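Structural overview for review
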Amino acid sequence: MPSNAEAPPLPDPLRVPVADSHTHLDMQSGTVEEGLAKAASVGVTTVVQVGCDLSGSRWAAETAAAYDAVHATVALHPNEAPRIVHGDPDGWSRQGAREGGGEGALDEALAEIDRLAALSQVKGVGETGLDHFRTGPEGIAAQELSFRAHIEIAKRHGKALVIHDRDAHADVLRILKEEGAPERTVFHCYSGDAEMAAVCARAGYYMSFAGNMTFKNAQPLRDALAVAPLELVLVETDAPFLTPVPYRGRPNAPYLIPVTVRAMAAVRGLDEDVLATALSANTARAFDY
């Protein structure tokens, strides 16, 4: 097995337990039990399992119902919406090649997300938002339609909104303003700069930082973290993606949260226990558990 495929070692445990505010257990190796036990052993006692499509959202809801340490969010990822409407001939999503079903198919999928969002173990609607990274103009229209629908679902059920924003800051902020953001809105894997952090802070949006804030080229993220109000800051893995330095390129998992927490504490000039205490309270408040 090449070294880059090996799981990184367990970090020193946190003294104050925290939550991984955004993870994908269904894309990680090993069982849910193993992943949760490993995380708990280093002080990561709660995880938010995030849905990206219908099957993943159903799985998130089922898993959260089965484990006290797991809370669920449900959604159609911004890249999933155009695939439902226009099809996915390349089959690069997990479902393989698909025919487009038009807006009717998107409406049907959203109705299922709406049904799941009503469940008590589902604490959020997301990840939704906009992703201009690999989407053409027709795909962007489908994403925007889907995003607006998810905002409405989150507000109607009183759930947190979890946002995926890739290369789309201005449009995401504009749509939140046009629709009226839910009471609790989380920018997952916050990717803006310090200027955008000030905008989010004024609006009361949570900013969740992932392992990429440790990357060498991520100074804008560290600058944003430095100015974000402490009561609006969360931590996440987005596992199996975005593994923090020094393990970049190897598989990520919730047990690696302490690595990112310590890097965040260094940026803030805070004692790690003080930061962990804030992160723990903020995540519980953001997702209302």
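Since the model is a prediction, treat every value here as computed from it, not as a measurement. Every chain is numbered on its own, with residues counted from 1 as its sequence reads. Only residues with pLDDT of at least 70 are given local features in this predicted model, and only at 80 or more are side-chain atom pairs given and counted; all residues enter the totals for whole chains, interfaces and linings. Side-chain calculation: all heavy atoms of the structure are included, whereas hydrogens and water are not.

1. Concerning the layout of surface pockets
Over the atoms, a rolled probe matching the size of one water molecule traces out where space is still vacant. Here a cavity means grid points, on a 1 Å grid over the protein atoms only, where a 1.4 Å probe fits yet cannot get out; a pocket means an open set of points with protein on both sides within 12 Å along at least five of seven lines; lining residues are those with an atom within 4 Å of a point. Grid points are joined across faces, edges and corners, and a volume is the space filled by probe spheres set on the points. The computed volume of the largest pocket comes to approximately 990 Å³. If you go around the largest pocket, you meet 33 residues; those closest to its centre are His 77, Asp 131, His 164, Arg 166 and Asp 238. At the level of elements, helix H3 (80-86), strand S6 (122-131), strand S7 (160-166) and helix H8 (219-227) are the ones that each hand at least two residues to the lining of the largest pocket. Sorting elements by how many residues they give to the lining of the largest pocket places S7 first, with 3 residues. Under this grouping Gly is polar, as are all residues other than the nonpolar Ala, Val, Leu, Ile, Met, Phe, Trp, Tyr, Cys and Pro and the charged Asp, Glu, Lys and Arg. Classifying every residue of the lining of the largest pocket gives 11 nonpolar, 10 polar and 12 charged. Space inside the second largest pocket adds up to approximately 310 Å³. Lining the second largest pocket are 17 residues, and of these Gln 28, Ser 29, Lys 38, Ala 253 and Tyr 255 sit closest to its centre. Put simply, DSSP marks the helices as runs of H or I at least four residues long and the strands as runs of E at least two long, and each gets a number from the N terminus on.

2. Observations regarding the side chain of His 150
Take His 150: it is sitting in helix H5 (residues 137-157). Pairs of N or O atoms within 3.5 Å make up the polar contacts considered here, provided that, within protein, one atom can donate a hydrogen while the other can accept it, and that residues adjacent in sequence are counted only when both atoms are side-chain atoms. Here the side chain of His 150 touches Leu 76 through a polar contact of 3.0 Å, landing on its backbone nitrogen. Of note is the side chain of His 150, whose polar atom sits 2.7 Å from the backbone oxygen of Ser 146. The contact definition used throughout considers only heavy atoms, calling two residues in contact when any of these lie within 4.5 Å. For His 150, the residues in contact, after removing those within four places along its chain, are Ala 75, Leu 76, Leu 110, Ile 113, Val 125, Thr 128 and Leu 161.

3. Considerations on the packing of aromatic side chains
Here is the rule: rings of Phe, Tyr and Trp (six-membered ring for Trp) pair when centre to centre is within 6.5 Å. Planes less than 30 degrees apart are stacked, more than 60 are edge-to-face, and the remainder are tilted. Evaluation of the coordinates by the stated rule reveals 2 aromatic pairs. Ring geometry for Phe 187 versus Tyr 205: centroids 5.7 Å apart, planes at 40°, classification tilted. With Phe 187 in strand S8 (residues 185-187) and Tyr 205 in the loop between helix H7 (194-203) and strand S9 (206-209), this residue pair connects regions lying 18 residues apart in the sequence. You can call Phe 187 buried: its relative accessible area is 1%. For every residue, the accessible area (1.4 Å probe, protein chains only) is compared with the maximum for its type, and the residue is labelled buried under 20%, exposed over 50%, or partly exposed between those bounds.

4. Observations concerning the nonpolar core
If you look at the biggest cluster of nonpolar residues, it comprises 80 residues, and the most contacted ones within it are Phe 147, Leu 176, Phe 187, Tyr 190, Phe 209 and Met 264. Here the element with the most residues in this core is helix H4 (residues 102-117); it accounts for 6 residues. Not counting residues up to four positions away in its chain, the partners in contact with Phe 209 are Tyr 190, Leu 221, Ala 224, Leu 225, Val 233, Leu 234, Val 235, Glu 236, Thr 260 and Met 264. In this description, a nonpolar core means a group of buried Ala, Val, Leu, Ile, Met, Phe, Trp, Tyr and Cys residues linked to one another through side-chain atoms lying within 4.5 Å.

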